[in-house]
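Now for the letters of each chain:
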Amino acid sequence: MSEFSISRSSKLKMSNFKLNALLDITLAINDNLPVDELIKRYENILKVELEIGKVLIFKFNSSWECILNSGFSAEAEDPGVFTESLLSFREVTPANMYNGELSPEIELIIPVIHKEVPIAYVMIGDIDEEKESISPIIKHLRYIQTLSNILIVAIENIRLYNENLRQVVIKRELELASRMQTMLIPENSALPVNEYCSFRAFYHPHYDVGGDYYDVVRLSESEVGFCIADVSGKGISAAILMSNFQANLKALFTREIALEDLVMRLNERVMESAKGEKFITLFLAKYNYISGKLEYINAGHNPPFFYHTALGEMKYLKSGCVGMGMIDELPFINKQTLEINGPIKLLTYTDGLVELIEGDEVDYGYAFLEKKITNSSALEENISEIIKEQRIMEGNESIFDDISILGVEFSGKRMPF
């Protein structure tokens, strides 16, 4: 057989091998084989069949990382080589054209571009640099490019698919967490409405879950307790801390406990849970239908509005202490007692209602709230107007935090002994 026939036969054999190898890789991808197995097959094709001695693949996920090192030294895996100069390469480039610090073992840089962005770089070196025949790198360059693109894009698609699955799971978990958290916060229909006082509330987390909380607790036939609270920060960690706080409040808030003692014990529980990394602002109160006395402690929370409708007088309920979880032991607690001697509206809220982004600054809308409550309209109407005018349910982009409102309208009537 002539040398020409042998050469032609060898080329045909190699061509058939390349086609079969591409088919094999494609089928492996379609069969959803693990990434490690795909890389192993790719390495075998290059090293065993094509006689490429050294193969290095860097791929970008959240940062550049080496996903294959076959034949190179460990030092070649350093992702620090990814400078702006290297990332500008969009075509196959000889390594000696890169002016950065690449391993001297690298002969060729093959970028893998996906959606006009480099997602990987294949760096290769020959098996025998002293060999007189044409380098395998040169002979099979186009094929190496094709194979590398198929492999890397497949790995990227697998990553994106897994990330989408993870996001779906997270979304479902957040939806469940949101439903569970909403169950911890009483609906308006469950709030007390009687001849002595009427409660109204509104809750709107900025994300699926939030760090706001309010509650109304029936302490006895003649006494009711209520609170509103806000965890520093947002998201899952704030929601978890608030759920823990809610459980503690429910367990501790009884008719017998003094507000000062309740606040001290809540502070201890928050310190145990948050370890000083987060804190909770809190407005806590109890109202006695018989005496008409309202006791309250403001633990670093936004001062509620206390408006006497008949007299047209406004107070801001500020007395109390620092927020829960700020310090191990509270240095002071100032409880205040007010007498409900006529029709009075009390509006408590979290800071998401008053802290709004206006351009590059934060606008504090306390004047807006005061204007909305200082009138003879029912508190329920006041709250509805606030929600409407702030466009809370319409996705107001100025709002960047959870929003909660808890209001109580006192009639001034007393329960007989």
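Structure's up top.
Residues numbered from 1 in each chain as written. Predicted model: local features only at pLDDT ≥ 70, side-chain atom pairs only at ≥ 80, totals over all residues. Heavy atoms only, no water.

**A word on the overall build of the protein chain**
Check the secondary structure of the protein chain and you find nine helices and 18 strands. Sorting the 417 residues of the protein chain into buried and exposed places 44% on the buried side. A sequence separation of at least 24 residues applies to 65% of the contacts in the protein chain between residues at least 6 apart. (Helix = DSSP H or I, 4+ residues; strand = E, 2+ residues; numbered from the N terminus. Buried < 20%, exposed > 50% of the residue type's maximum accessible area, 1.4 Å probe, protein only. Contact = heavy atoms within 4.5 Å.)

**Looking at the side chain of Lys59**
Counting through the fold element by element, Lys59 comes out in strand S1 (residues 54–60). Within polar-contact distance, the side chain of Lys59 engages the side chain of Asn61 at 3.1 Å. Residue contacts for Lys59: discarding those within four places in its chain leaves Trp64, Glu65, Ile67, Ile119, Ala120, Ile152, Ile155, Glu156 and Arg159. (Polar contact = N/O pair within 3.5 Å; in protein donor to acceptor, adjacent residues only side chain to side chain.)

**Details of the packing of helix H6 (residues 235–252) against helix H7 (residues 259–274)**
For the pair H6 and H7, interaxial distance at closest approach is 10 Å and the crossing angle is 150°. The orientation of H6 relative to H7 falls into the category roughly antiparallel. As H6 packs across H7, the resulting crossing turns out to be right-handed. Of H7, the residues touching H6 (which contributes Leu241, Asn244, Phe245, Asn248, Leu249 and Leu252) are Leu262, Arg265, Leu266, Arg269, Val270, Ser273 and Ala274. (Axes fitted to C-alpha atoms, helices over the stretch in contact; angles between N-to-C directions. Parallel < 35°, antiparallel > 145°, perpendicular 65-115°, else oblique. Left-handed = near helix turned anticlockwise from the far one by under 90°.)

**What about unusual backbone geometry?**
The backbone of Glu51 sits at a positive phi, close to 65°, despite the residue not being glycine. Position of Glu51 relative to the elements: it lies in the loop between helix H2 (35–49) and S1. Phi angles above zero are rare outside glycine, and Glu116 is one such case at about 65°. The topology assignment puts Glu116 in the loop between strand S4 (108–114) and strand S5 (117–125).

**A look at the sheet that holds strand S15 (residues 344–349)**
The strand order S6-S18-S15-S11-S12 describes an open sheet built from five strands, whose pairing is antiparallel. The open sheet has two edge strands with one neighbour each: strand S6 (197–204) and strand S12 (313–316). For this sheet, the mean inter-axis angle between neighbouring strands, taken without regard to orientation, is 15°. Here strand S11 (residues 305–308) pairs with S12 via four bridges, running antiparallel. Looking at the pairing, Tyr307 lines up with Met314 of S12. Here helix H8 (residues 366–373) sits on the sheet in contact with S11, S12 and S15, set at roughly 30° to S11. Running over the sheet, helix H9 (residues 379–389) touches S6, S15 and strand S18 (403–410) and is turned about 35° from S15. (Pairing = 2+ DSSP bridges.)

**Side note on the pairing of S4**
Each regular strand shows side chains that alternate between the opposite faces of the sheet. Summarising burial for S4: five of the seven residues are buried, a large majority. With two bridges joining them, strand S3 (residues 93–94) and S4 adopt antiparallel strand pairing. Bridging from a neighbouring strand, Pro94 pairs with Leu108 of S4. As judged from the seven bridges shared by S4 and S5, these two strands associate in the antiparallel manner. Residue pairing across strands places Val112 opposite Ala120, the latter belonging to S5. Turn length for the S4-S5 hairpin, with the two strands adjacent in sequence and antiparallel, is two residues, and the turn residue Lys115 shows positive phi of about 55°.

**What about the sheet that holds strand S2 (residues 64–70)?**
One open sheet accounts for five strands, arranged S2-S1-S5-S4-S3; its pairing is antiparallel. The two strands at the open ends of the sheet, each matched to only one other strand, are S2 and S3. Two elements, S1 and S2, share six bridges in a ladder whose sense is antiparallel. Along S2, the bridge assignment pairs Phe60 with Trp64.

Keep in mind these values describe shape, not function.
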